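Close look at the chain arrangement
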Number of protein chains: 2
Amino acid sequence: MTRWTRPLTTLLLTLTLAACGSVPALRGSGDLGVVIERASGSVQVVDNSHRQALYRIRGLGDLSHASLVYSRDARYVYVFGRDGGLSKVDILQGQLVARVMQAGNSIGGAISSDGRIIAAQNYTPGGVKLFDAETLDLLADIPAVDAHGQVSKVVGLADLPGNRFAFSLFEAGEIWVVDASQPRQPTIRKYPAIGKNPYDGLASSDGRYYIAGLFGEDGLALLDTWQPDAGVRRILPGYRKDDPALPVYKMPHLRGWSLAGDYAFLPAIGQHSVLMADSRSWQEVAQIPVYGQPVFVMADPSGRRVWVNFAFPHNDTVQVIDVPSRKVIQTLKPGKAILHMEFTGRGDQVWLSSRDDNKLVVIDPHTFATLTELPADSPSGIFFSWRAHRSGM
Amino acid sequence: MTRWTRPLTTLLLTLTLAACGSVPALRGSGDLGVVIERASGSVQVVDNSHRQALYRIRGLGDLSHASLVYSRDARYVYVFGRDGGLSKVDILQGQLVARVMQAGNSIGGAISSDGRIIAAQNYTPGGVKLFDAETLDLLADIPAVDAHGQVSKVVGLADLPGNRFAFSLFEAGEIWVVDASQPRQPTIRKYPAIGKNPYDGLASSDGRYYIAGLFGEDGLALLDTWQPDAGVRRILPGYRKDDPALPVYKMPHLRGWSLAGDYAFLPAIGQHSVLMADSRSWQEVAQIPVYGQPVFVMADPSGRRVWVNFAFPHNDTVQVIDVPSRKVIQTLKPGKAILHMEFTGRGDQVWLSSRDDNKLVVIDPHTFATLTELPADSPSGIFFSWRAHRSGM
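Residues numbered from 1 in each chain as written. Chains lettered and ligands numbered in written order. Predicted model: local features only at pLDDT ≥ 70, side-chain atom pairs only at ≥ 80, totals over all residues. Heavy atoms only, no water.

1. What to know about the relation of the copies chain A and chain B
When chain A is fitted onto chain B, the two copies agree to an RMSD of 0.0 Å after a turn of 180° and an axial shift of 0.0 Å. One copy is carried onto the other by what is essentially a two-fold rotation axis. An overlap of 100% is found between the interface residues of chain A and their copies at the interface of chain B, pointing to a shared contact surface. (Least-squares fit on C-alpha atoms with pLDDT ≥ 70 in both. Contact = heavy atoms within 4.5 Å.)

Quick look at the structure:
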């Protein structure tokens, strides 16, 4: 062998191994999560087995009110940005793989039960667009125009079984259910006059009930999708009537509602209390006093405890309600501006985002001990990959 | 370059690329499943997005009554063989990575809520063993010996939140709850005299209730783990008293029970009916007549329909019950000896194993259309990776 061939073979070997090594190590995606970094237009991929960050992906636009859904194989997430950007991120490679600007102002989305269709809900122009989950090609555009020709902002988009989606029209006060089995020719069933200014909506985890919160009046609107001809009925009327309405510092998130076991837990708008209702009769069971105006009201996966975070100026605090006794049993101060909480699928950890301390806090929900803290850039939503397998996400 | 260096570099390159190429392509594990091939001691890894088989892994011993659980990252499955073998299989590489013979005769297992502990339940010798999920090293051995010194077969092992496990002792008629937070020093709470011959058990998906079916008497035993001091109570007493007991051709599986929405659905032992009970009061609501003796009674993820398969000689048939009307709305003949059914996490498909036709049948549960059939060698249990994220599996 001549002297210069050895370096050549070494070089080739090195280059080849480098190409080989650039493929991330094989790993399951069941313990991964994605965290929105709202100020920097980036997301972090995290691993909840080893409680560490794996990747940061940049260039996702305005993520100030962003959410995301998982692909059915839990390899990709679809991030819905406030600026109307829809981004597809490969969480195993830590790469942005597709991005479209689909509206001027967007507020979230959903994925169909078969995983083939991404639906985005938009403020400007109002409406819902359907995209191919593989390519992000536009499949259908559903303008939110009511019988009077008025355009509405769309809120509360949720997936239902059978490739259906439900959502609410803020200005029109309507709930629409779209059947996207034929995604290029979706069919729509409209429920008008459901109440004034629905501001968010959610589906129960089995996809049976769709509930819209009403900002313009007391109570909530409930659609039982097993009885589509029975229409929408009002539930929990008058739950705000006993207390003088406080100024609302932050619109509560209905998605933070918990339909856990026999009860539903929800934030009482403008009040320092969590509303507890019977999930069969939808009658109010209790109002549980808490530290501030609740934003997210989230049951752990066992339904035994409900965690609550709060609007400014109480957003440095998280409280934990014991369901059997209906009492606050723990008050935590995990960091400044706690914006979101996410449990692992089987409840061994809860992750919190502290926007103003630029960190994630991982807590053992059984002992309340802090397991670790991780740096993050103004984190907001945290989404673990168990969501790939649940409806109503 | 001399003439012989070129082949050398080529060889090195080829070898390196081959090593590189032997790594399976990166993919998420959210749409994978594992099918037991009972006669050949093998399992198949399948992909429910593309509805195809990916790998067959052999050498897992006697799988005639096998089940499995998923690791928290959904990369591995732990297969519990009838011969006491515990096998760890990498489903992304299609390889057996660890195997121990942990008992003489075993009947299933569970994984702790933090994913670190594998528990195996055994007939011979009776008891439960705890293993490290990473290495399969033995952590603890819990003999099932009652106060009289009698050894029992262990049945109905289920995981509960907080790294606990519940199981039943067949001969002793006891339920035990093990706290494995310190897996080398587990603590045990015993509930004696719960009824005669518990033959299987299950936990509700939130991990609150543990229910044991009683073979030796009428009714079932219920433990509310939120009220551990309240003890075990009898539910559904007398559900077998109205009909003359038929010979039982196959012990029903409680794991096939459905606690769906407001109701629990369960096989009535020895009878051609499905029992429907209120999931709050545990009072019987209806007995729904079906085609044979039910084995698995499984709700789709929406809880809208319940699928039922049957013991011999009716095991070529599957029936579908509509929950609101409590009536059978569909009778299917998908193949000979239908042993198991598994829904995808969001209910767009149901997979059935036809042991005697050596095939898997994939059905659209909304339309009942057969989407595809795949060859399999005497298939029995089918397990999709959404199980990684649920309790009570």
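Structure's up, so let's keep going.
2. A few points about the interface of chain A and chain B
With 61 residues of chain A at the contact, the number on the chain B side is 61 residues. A combined buried area of about 5200 Å² lies between chain A and chain B, and 56% of that area is made up of carbon and sulfur atoms. On the chain A side of the contact with chain B, L26, R280 and R346 of chain A bury the most area, a combined 19% of that side's loss. Viewed at the interface, chain B and chain A are joined by 8 salt bridges. A salt bridge links D262 of chain B to R280 of chain A; the nearest nitrogen and oxygen atoms lie 3.3 Å apart. Taken together, chain A and chain B are joined by 27 residue pairs in polar contact (both at pLDDT 80 or more). Ranked by residues supplied to the side of chain A that touches chain B, first place goes to helix α1 (residues 5-21) of chain A with 8 residues. Counted by class, the side of chain A that touches chain B contains 20 nonpolar, 24 polar and 17 charged residues. (Buried area = accessible area lost by both parts, 1.4 Å probe. Salt bridge = Lys/Arg side-chain N within 4 Å of Asp/Glu carboxyl O. Polar contact = N/O pair within 3.5 Å; in protein donor to acceptor, adjacent residues only side chain to side chain. Helix = DSSP H or I, 4+ residues; strand = E, 2+ residues; numbered from the N terminus. Nonpolar A, V, L, I, M, F, W, Y, C, P; charged D, E, K, R; others polar.)

3. Points about the domain arrangement of chain A
Residue and element names in this part refer to chain A. For chain A, the assigned domains read domain 1 (55-235) and domain 2 (253-392). On a C-alpha basis, the centroid separation for the pair domain 1 and domain 2 is 23 Å. Opposite the 30 residues of domain 1 that make contact, domain 2 presents 18 residues. Taken together, the two surfaces of domain 1 and domain 2 that pack against each other cover about 2000 Å², and 63% of this comes from carbon and sulfur. Between domain 1 and domain 2 we count 0 salt bridges in total. In this assembly, domain 1 and domain 2 are joined by 2 residue pairs in polar contact (both at pLDDT 80 or more). Broken down by secondary-structure element, the contributors of at least two residues to the side of domain 1 that touches domain 2 are β4 (67-70), β12 (154-160), β16 (198-203), β17 (209-214), β18 (220-224) and β19 (232-235). (Domains from an automatic or database assignment.)

4. Concerning the packing of aromatic side chains
Residue and element names in this part refer to chain A. A full pass over the atoms with the stated rule returns 16 aromatic pairs over all chains. Ring geometry for Y291 and F310: centres 6.0 Å apart, planes at 65°, overall edge-to-face. With Y291 in the loop between β23 (284-289) and β24 (294-299) and F310 in strand β25 (residues 305-310), this pair connects stretches of sequence that are 19 residues apart. Classification of Y291 by relative accessible area gives partly exposed; the value is 34%. The exposure class assigned to F310 is buried, which follows from its relative accessible area of 2%. (Phe/Tyr/Trp six-rings, centres within 6.5 Å; stacked < 30°, edge-to-face > 60°. Buried < 20%, exposed > 50% of the residue type's maximum accessible area, 1.4 Å probe, protein only.)

5. Some remarks on the pairing of strand β4 (residues 67-70) of chain B
Residue and element names in this part refer to chain B. Here 4 bridges tie β4 to strand β5 (residues 76-80), and the two strands are oriented antiparallel to one another. Bridge assignment links L68 to a residue of β5, and that residue is V79. With antiparallel pairing between neighbouring strands as the criterion, β4 and β5 make up a hairpin whose turn holds 5 residues, including A74 at a positive phi of roughly 60°. (Pairing = 2+ DSSP bridges.)

6. A closer look at the nonpolar core
The biggest cluster of nonpolar side chains holds 40 residues, and the ones touching the most others in it are V79 of chain A together with V79 of chain B. When contributions to this core are tallied by element, the ones reaching two or more residues are β1 (32-37), β2 (42-47), β4 and β5 (76-80) of chain A together with β1 (32-37), β2 (42-47), β4 and β5 of chain B. (Core = buried A, V, L, I, M, F, W, Y, C linked by side-chain atoms within 4.5 Å.)

7. A look at the confidence of the model for chain A
Detail in the predicted coordinates should be disregarded across regions flagged by low pLDDT. Residue and element names in this part refer to chain A. Mean pLDDT over chain A: 90, with 90% of residues reaching 70 or higher. Here residues 1-21 is a poorly scored stretch, pLDDT under 50, and it has 20 contacts once near neighbours within four places are set aside; other chains count. Interface confidence in the predicted complex, given as ipTM, is 0.92; pTM for the same model is 0.92. (pLDDT = per-residue confidence, 0-100.)

8. A short note on unusual backbone geometry
Along the chain, T124 of chain A connects to P125 of chain A via a cis peptide bond; the corresponding omega equals -10°. The omega torsion of the bond from F312 of chain B to P313 of chain B falls at 5°, within 30 degrees of zero and hence cis. Among the secondary structure elements, P313 of chain B is positioned in the loop between β25 (305-310) and β26 (318-322). Backbone geometry places A337 of chain A, a non-glycine residue, at a positive phi of 55°. With respect to the element layout, A337 of chain A can be found in the loop between β27 (327-332) and β28 (338-343). The exposure class of A337 of chain A is buried, given its relative accessible area of 2%. With a phi close to 60°, R326 of chain B is a non-glycine residue in the positive phi region.

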